[in-house]
Amino acid sequence: MTPPRPDRRAALGLLAGAAATGLAGCGRQEDGVTRLTFWAMGNEATNVPQILPEFERLNPGIKVDVQALPWTAAHQKLLTAYAGDSLPDLSQVGNTWVSEMAAIGAISALPGFASDLLTDQFPAVLETNRIDGRVVGVPWYVDTRLIFYRSDLLEQAGFEAVPQTWAGWKQAMHMIKRAVGPDKYAVLLPLNEFEQLLTFGLQGDEPLLRDEDTRGNFSSPSFVAALAFYKSLFDEGLAPVASAAQISNVWNEFARGWFSFYFSGPWTIGDFRNRLGPETRWMTSGVPGPNGPGASAPGGSSLVVYRSSPRQEAAWKLVRYLSDPAVQARFNVVTGNLPARQNSWAAPAVANDPYIAAFKGQLARAEAVPKVPEWERIVTEMQIVAERMVRGEYTPGTAGAEIDRRADRLLEKRRWMIERGRA
């Protein structure tokens, strides 16, 4: 049964400027041709028109209008369009937005005729698109963060590969630090980014939220251990106490050996290929864990169809086309994005790339983060507290308690709604 659609303004807290998106909304029917409006972001918006002519050839009654949104404004524009009843037929969304769009009733559940799109997906990525047992988004491309490293400096320190335990990895970092000198570091962990600490936190066997995702669980022994490991990298001089804004540019500092380990995603492969000379040897590696290869958060973008669209069948046809393994393999060549469908990874451009290989193993070990609309705000608070911990204001234990306090405050409405539903 489809749940009733919530009132838009109530769901979005009376968003101001509901009609001020500056973008056209839903598609339309013209001269017997269905015109779909598809909102996409960044690199995908620039390049997806290259692969749409084949879709329109296979579906002569459908035309697709792609409208580009900058990533920095996309989230707010989608919410504002929802409030103003001007959403497109379908769009690309960040995986972490799916739960929020589902909570306000904006997106359609996957129809039965499209259930085959769920085969050969990475389980943790697919799980981010499953809300209350229903799949409401289809992964378009995937990413996760792992380690880019200077293979030449690691070899100079006496290691053939990145050790896959925290203790072994830290030993390698100390050896690199000795080799490169006191004015350089082993790893870059920008204090204004949450992703690195989140990755460490995912290695534990305890969830990040508890009590039906209504309270923080950052005081758990496993997350406090992650905080302690994270803090030790700064305390022992292995990571600079700096934010990303203080780094002139990553590739230059990586090339001159100011740091040798860098957490990032597949987009960095193209940057390093284009900007690093052949004298800088580098490779990718899975994330170390406390006792062996570790987990990381699944990322990427999904495709969603909006419930307000009267062109559901045509919109799902486009989702099916963009999810086809052959099309995703071609899109990888165009954009560098990693395909969501695992069958696409057999394509030569993906299978023969040595820098991509580590991503498949890392995605297989990915762990879905909590699917609550407040999650992005929670990890922002986590990052703020962690920076203050690194600067000496908190111990790992008191930092975990402070993150819990802030998370509990953000989740107060969720607790109220669950308790009300049980009453």
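Just so we're clear, the structure is a prediction, and the values are computed from it rather than from any experiment.

**Quick word on the overall build of the chain**
In terms of regular secondary structure, the chain is built from 19 helices and 15 strands. For 423 residues, the compact-globule estimate of 2.2 N^0.38 gives 22 Å, and the C-alpha radius of gyration of the chain, at 22 Å, lies within 12% of that figure. Dimensions along the principal axes, computed over C-alpha positions, put the chain at roughly 70 × 55 × 35 Å. Each of the 423 residues in the chain was classed as buried or not, and the buried ones make up 56%. Considering only residue pairs separated by 6 or more positions, the chain has 77% of its internal contacts joining residues 24 or more positions apart. With an accessible surface of roughly 17700 Å², the chain has 51% of that area assigned to carbon and sulfur atoms. Both charge centroids of the chain, one from 43 positive and one from 45 negative side chains, sit 2 Å from each other.

**A word on the packing of aromatic side chains**
Scanning the entire structure with this criterion turns up 29 aromatic pairs. Centre to centre, the rings of phenylalanine 218 and phenylalanine 223 are 4.9 Å apart; their planes meet at 80°, and the pair counts as edge-to-face. Residue placement shows lysine 177 over the ring face of tyrosine 185; its charged tip is 4.5 Å from the ring centre. A cation over a ring is seen here: arginine 275 above tryptophan 251, with NZ or CZ 3.9 Å from the ring centre.

**Details of the nonpolar core**
Counting residues in hydrophobic clusters, the biggest one holds 78 residues, and the most contacted among them are Trp169, Phe200, Phe218, Tyr230, Phe261, Trp345 and Trp375. Of all the elements, helix H17 (residues 375–390) adds the most residues to this core, at eight residues. Counting 29 residues, the second largest nonpolar core, distinct from the first, contains Val48, Leu90, Ala314 and Trp316.

**With respect to the sheet that holds strand E12 (residues 261–264)**
What the four strands build is an open sheet, ordered E9-E12-E8-E13; its pairing is mixed. Two strands lie at the open edges of the sheet, namely strand E9 (187–188) and strand E13 (283–285), each paired on one side alone. Note: strand E8 (residues 146–149) against E12, four bridges, orientation antiparallel. The residue bridging leucine 146 from the neighbouring strand is serine 264, located in E12.

**A few points about the pattern of salt bridges**
Tallied over the full model, the rule gives 21 salt bridges. We note a salt bridge from glutamate 236 to lysine 170, for which the minimum N-O separation is 3.1 Å. In this pair, glutamate 236 is assigned in the loop between helix H10 (221–235) and helix H11 (250–255) and lysine 170 in helix H8 (residues 166–180), connecting sequence segments 66 residues apart. The exposure class assigned to glutamate 236 is partly exposed, which follows from its relative accessible area of 36%. According to the relative accessible area criterion, lysine 170 is buried, its value standing at 17%. Each of Glu381, Glu402, Arg405 and Arg406 takes part in a single network of salt bridges with overlapping partners.

**A few points about the layout of surface pockets**
Empty space within the second largest pocket amounts to approximately 1000 Å³. Together, 40 residues line the second largest pocket, and Asp143, Arg145, Trp267, Gly299 and Gly300 are the ones closest to its centre. Elements supplying a minimum of two residues to the lining of the second largest pocket: helix H2 (42–47), strand E7 (138–143), helix H9 (195–201), helix H12 (267–275), strand E14 (299–305), helix H14 (325–335) and H17. It is H17 that provides the largest number of residues to the lining of the second largest pocket, a total of five residues. Looking at side-chain class alone, the lining of the second largest pocket contains 16 nonpolar, 16 polar and eight charged residues.

**Focus: the environment of arginine 391**
Relative to the assigned elements, arginine 391 resides in the loop between H17 and helix H18 (396–410). For the pair formed by arginine 391 and serine 108, sequence separation is 283 residues and the distance between their alpha carbons is 45 Å. With residues up to four places along the chain from it excluded, the contact list for arginine 391 reads Leu191 and Val241.

**A short note on empty space enclosed by the protein**
Per the counting criterion, the structure on display carries one cavity of 30 Å³ or more. Lining the largest cavity we find Asn95, Thr96, Val98, Ser99, Thr128, Pro298, Val369, Pro370, Lys371, Val372 and Trp375. Of the residues in the lining of the largest cavity, the class split is six nonpolar, four polar and one charged.

**Regarding the packing of H10 against H18**
The interhelical angle for the contact between H10 and H18, taken along N-to-C directions, is 125°, at an axis separation of 9 Å. In this view, H10 runs oblique relative to H18, as classed from their interaxial angle. For the pair H10 and H18, the sense of crossing is right-handed. Where H10 abuts H18, its residues Phe223, Val224, Leu227, Ala228 and Lys231 lie against Pro396, Gly397, Ala399, Gly400 and Ile403. For the contact of H10 with H18, the residue count by class is seven nonpolar, two polar and one charged.

**Focus: the environment of serine 86**
With respect to the helices and strands, serine 86 occurs in the loop between helix H4 (71–83) and strand E4 (90–94). The exposure class of serine 86 is buried, given its relative accessible area of 17%. Along the sequence, serine 86 and alanine 357 sit 271 residues apart, while their C-alpha atoms lie 41 Å from each other.

**Observations concerning the environment of valine 319**
With respect to the helices and strands, the residue valine 319 is situated in helix H13 (residues 312–323). Between the alpha carbons of valine 319 and serine 91 there is a distance of 9.6 Å; along the sequence they are 228 residues apart. Those residues in contact with valine 319 that sit more than four places away from it in its chain are Leu90, Leu117, Val138, Leu303 and Val305.

**Some points on helix H16 (residues 357–364)**
Turning to H16, its buried residues number three or more, namely Ala358, Phe359, Gln362 and Leu363. Projected onto a plane normal to the axis of H16, the buried residues spread over an arc of 135° and lie on a single side. Residues of H16 that are exposed and point more than 90 degrees away from the buried face comprise Ala357 and Ala364.

Thresholds applied
- Residues numbered from 1 in each chain as written.
- Predicted model: local features only at pLDDT ≥ 70, side-chain atom pairs only at ≥ 80, totals over all residues.
- Heavy atoms only, no water.
- Helix = DSSP H or I, 4+ residues; strand = E, 2+ residues; numbered from the N terminus.
- Rg over C-alpha atoms; globule rule 2.2 N^0.38 Å.
- Buried < 20%, exposed > 50% of the residue type's maximum accessible area, 1.4 Å probe, protein only.
- Contact = heavy atoms within 4.5 Å.
- Areas by Shrake-Rupley, 256 points an atom, 1.4 Å probe, with all protein chains shown as cover.
- Lys, Arg positive; Asp, Glu negative; His and termini not counted.
- Charge placed at Lys NZ, Arg CZ, Asp CG, Glu CD.
- Phe/Tyr/Trp six-rings, centres within 6.5 Å; stacked < 30°, edge-to-face > 60°.
- Lys NZ or Arg CZ within 6 Å of the ring centre and 35° of its normal.
- Core = buried A, V, L, I, M, F, W, Y, C linked by side-chain atoms within 4.5 Å.
- Pairing = 2+ DSSP bridges.
- Salt bridge = Lys/Arg side-chain N within 4 Å of Asp/Glu carboxyl O.
- 1 Å grid on protein atoms, 1.4 Å probe; cavity = no way out; pocket = protein on both sides within 12 Å on 5 of 7 lines; lining within 4 Å.
- Points joined across faces, edges and corners; volume = space filled by probe spheres on them.
- Nonpolar A, V, L, I, M, F, W, Y, C, P; charged D, E, K, R; others polar.
- Axes fitted to C-alpha atoms, helices over the stretch in contact; angles between N-to-C directions.
- Parallel < 35°, antiparallel > 145°, perpendicular 65-115°, else oblique.
- Left-handed = near helix turned anticlockwise from the far one by under 90°.
- Arc of directions from axis to C-beta.

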